[in-house]
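Spelled out, the chains give:
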Amino acid sequence: MICETLPLIDLHRHLDGNIRPDTIWDLAQQNGIDLPVEHFNDFIPHVRIQDKASDLMEFLVKLDWGVNVLSSLEDCKRVAFENVEDLSLAGIDYAELRFSPYYMAMKHNLPTADVVAAVIEGVKQGCEEFGVKANLIGILSRTFGLEKCQHELDSLLVHKDHLVAIDLAGDELGKPANLFEDQFKQVANAGLNVTIHAGEAAGPESVWHAIKLLKAQRIGHGVKSYEDKHLLDYLAENNITLETCLTSNYQTGTIDRISDHPIHTFLEHGVKVCLNTDDPAVEGIELKHEYTLAKQQLGLTTQQLQDIQLNALNAAFISDSEKQTLLTEKSAKI
Ligand code: ADE
Ligand code: ZN
């Protein structure tokens, strides 16, 4: 399914949506945190979607135990480090790992800027240990409102030299993009790239807002873009890549079946898409599975899958020379 001579890249992957269930269990014991069940096997349904959720917000509840057990900066560093090990285990060559520092800090009142530093350190150590490349994207969790997002942004900007972009995630329906225009002006002033979750829980107007008001260069999901032909043309003409996450879209109820995903419409319109995981531990999948789904359930051809691998490389928030290095290193490995 994967072209072995091209780098395998995950551009949409939440570090705080990929905390291993056994690490959550371990940290709960270590930190004296009560869990709702006595046996590990009974715990899995609390942290992993069983088939699907009814909507995005029900899906997102499954991420809560992962962050609720983070009682120290050392815990944050551990889950960041393990996220890089997971990349290596999944055969991923380069990833952009995103995280919401306020969400990670919230339960135990950790200093948010220090959480950012701990994640940076854990990822750095992981990259050295496992020989994987990764960059970080900071998230503003819109669910918690404007004030918390400003605090989150301030904390992220302290460490802006260690980030490649800022994202807006969480409750898309309840907290529309237009509320965050001022924050994304600050992001632009800081010289960071922008990717925005849009067209997942809400419709194509949300994607327009992400692009026009927040200056998104990539869109997380963008599923509902298929409803607006003018938007499809705009995405294609402006080379705005959709970070597609098939299993996630099914599990959040954004689509009813994988085979309903509008990826063919996107490809026919010349809209660039790439394949990604979103929250792998919560979904119980890895990136290669998403390529398998694209082939087996959506009938994508080998050529289309190769193009998608290249789309991820092209859309990555790294320099042209770093892209070239990823390409040449991969072909040298064969
Ligand atoms: N945070 C983690 N996964 C998300 C998703 N699919 N949509 C919005 N926010 C998220
Ligand atoms: Zn996401």
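Not measured: the values here are computed from a predicted model.

Undergrad: Quick one: what's the story with the environment of I49, residue by residue and with numbers?
TA: With respect to the secondary-structure elements, I49 resides in the loop between helix 2 (40–47) and helix 3 (56–60). Through-space distance from the C-alpha of I49 to that of F59 is 7.1 Å; in sequence the pair is 10 residues apart. Ignoring anything within four residues of it in the chain, the contact list for I49 reads F59, K62, Q251 and V282.

Undergrad: A description of the coordination of the zinc ion (ligand 2) should follow, citing residues and the corresponding values.
TA: Donor atoms from the polypeptide that coordinate the zinc ion (ligand 2) comprise H12 (NE2), H14 (NE2), H197 (NE2) and D278 (OD), at 2.0 to 2.2 Å from the metal. In this structure, the zinc ion (ligand 2) is coordinated by four donor atoms arranged in irregular fashion, with angles at the metal of 85 to 165°. Of note, the donors binding the zinc ion (ligand 2) are all from one chain and are spaced H-x1-H-x182-H-x80-D. No difference in accessibility class separates H12 from H14, as the two residues are buried.

Undergrad: Describe the pairing of strand 6 (residues 218–221), naming the residues involved and giving the relevant values.
TA: Where strand 5 (residues 193–198) lies against strand 6, four bridges are found, and the strand directions are parallel. Each bridged residue has a counterpart across the sheet, and for H197 the counterpart in strand 6 is G220. Crossover handedness for the path strand 5 to helix 10 (residues 204–212) to strand 6: right-handed. Pairing geometry for strand 6 and strand 7 (residues 241–244), over three bridges, is parallel. If you follow I219 over to strand 7, its bridge partner there is L242. In terms of handedness, the path from strand 6 via helix 11 (residues 229–237) over to strand 7 forms a crossover that is right-handed.

Undergrad: I'd like a rundown of helix 7 (residues 112–130), residues and numbers included.
TA: Spanning 19 residues, helix 7 covers 27 Å between terminal C-alpha atoms, matching the ideal 27 Å at 1.5 Å per step. Against the buried residues of helix 7 lie helix 5 (73–89), strand 2 (94–99), helix 6 (101–106), strand 3 (133–141) and helix 8 (146–157). Backbone geometry just downstream of helix 7 places G131 in the positive-phi region, at approximately 65°.

Undergrad: Pulling in residues and values, what's your account of the site of ligand 1?
TA: Neighbouring ligand 1 are the residues H14, L56, L60, L63, A169, G170, H197, E200, H221, S248, D278 and D279. Separating a nitrogen atom of ligand 1 from a backbone N or O atom of G170 is a distance of 2.9 Å. Between a nitrogen atom of ligand 1 and a side-chain N or O atom of E200, the distance comes to 2.7 Å. Contact with the protein chains hides 96% of the accessible area of ligand 1, taken as 260 Å² for the molecule alone.

Undergrad: How would you summarise the sheet that holds strand 6 if you had to cite specific residues and measurements?
TA: Taken in spatial order, the eight strands line up as 1-2-3-4-5-6-7-8 in an open sheet, and their pairing is parallel. Single-partner strands in this sheet number two, and they are strand 1 (9–14) and strand 8 (273–275). Ignoring strand direction, the axes of neighbouring strands in this sheet form an average angle of 25°. Pairing between strand 1 and strand 2: four bridges, direction parallel.

Undergrad: I'd like a description of the UniProt feature "domain: Adenosine deaminase" (unreviewed entry) in the protein, backed by residues and values.
TA: The sites that carry the UniProt feature "domain: Adenosine deaminase" (unreviewed entry) are, in the present numbering, residues 7–328. Measuring from the first to the last C-alpha atom of residues 7–328 gives 9 Å, for a span that is 49% helix and 13% strand.

Undergrad: Before we move on, could you go through the layout of surface pockets and cite the residues and values that matter?
TA: Its boundaries defined by the atoms lining it, the largest pocket holds a volume of some 340 Å³. In terms of lining residues, the largest pocket is bounded by 22 residues, among which L60, L63, Y103, T143 and G170 are the most central. Those elements that provide at least two residues to the lining of the largest pocket are helix 3 and strand 3. Top element by residues in the lining of the largest pocket is helix 3. It accounts for four residues.

Undergrad: Describe the packing of helix 15 (residues 287–296) against helix 16 (residues 302–315), naming the residues involved and giving the relevant values.
TA: At their nearest, the axes of helix 15 and helix 16 sit 10 Å apart, and the two run at 145° to each other. You can see that helix 15 and helix 16 cross each other, and the crossing is right-handed. Contact with helix 15, carried on its side by Y291, A294 and K295, involves T302, L305, I308 and Q309 of helix 16 and no other residues of that element. Across the contact of helix 15 with helix 16, the residue classes break down as four nonpolar, two polar and one charged.

Undergrad: Go over the pattern of salt bridges with me, naming the residues and quoting the values.
TA: Note on pairing: side chains with opposite charge can pair once their charged atoms come close. Scanning all chains against the criterion turns up 15 salt bridges. K124 is the salt-bridge partner of E128, the closest N and O atoms lying 3.8 Å from each other. Separated by four residues within a single helix, E128 and K124 lie in helix 7, roughly one turn from each other. Using a relative accessible area of 56% as the deciding quantity, one classes E128 as exposed. Classification of K124 as partly exposed rests on a relative accessible area of 44%. One network of salt bridges, in which partners are shared, links R20, D26, R78, E82, E85 and D86.

Rules used throughout
Residues numbered from 1 in each chain as written. Chains lettered and ligands numbered in written order. Predicted model: local features only at pLDDT ≥ 70, side-chain atom pairs only at ≥ 80, totals over all residues. Heavy atoms only, no water. Helix = DSSP H or I, 4+ residues; strand = E, 2+ residues; numbered from the N terminus. Contact = heavy atoms within 4.5 Å. Donors = N, O, S within 2.8 Å, 3.2 Å for Na, K, Ca; no water. Tetrahedral: all angles 85-135°; square planar, octahedral: opposite > 155°, others 65-115°. Buried < 20%, exposed > 50% of the residue type's maximum accessible area, 1.4 Å probe, protein only. Pairing = 2+ DSSP bridges. Right-handed = clockwise from strand over helix to strand, strands pointing away. Expected span 1.5 Å × (residues − 1). Near = heavy atom within 4 Å. Polar contact = N/O pair within 3.5 Å; in protein donor to acceptor, adjacent residues only side chain to side chain. Areas by Shrake-Rupley, 256 points an atom, 1.4 Å probe, with all protein chains shown as cover. Axes fitted to C-alpha atoms, helices over the stretch in contact; angles between N-to-C directions. UniProt positions renumbered as here; feature names shortened; annotations may be inferred. 1 Å grid on protein atoms, 1.4 Å probe; cavity = no way out; pocket = protein on both sides within 12 Å on 5 of 7 lines; lining within 4 Å. Points joined across faces, edges and corners; volume = space filled by probe spheres on them. Left-handed = near helix turned anticlockwise from the far one by under 90°. Nonpolar A, V, L, I, M, F, W, Y, C, P; charged D, E, K, R; others polar. Salt bridge = Lys/Arg side-chain N within 4 Å of Asp/Glu carboxyl O.

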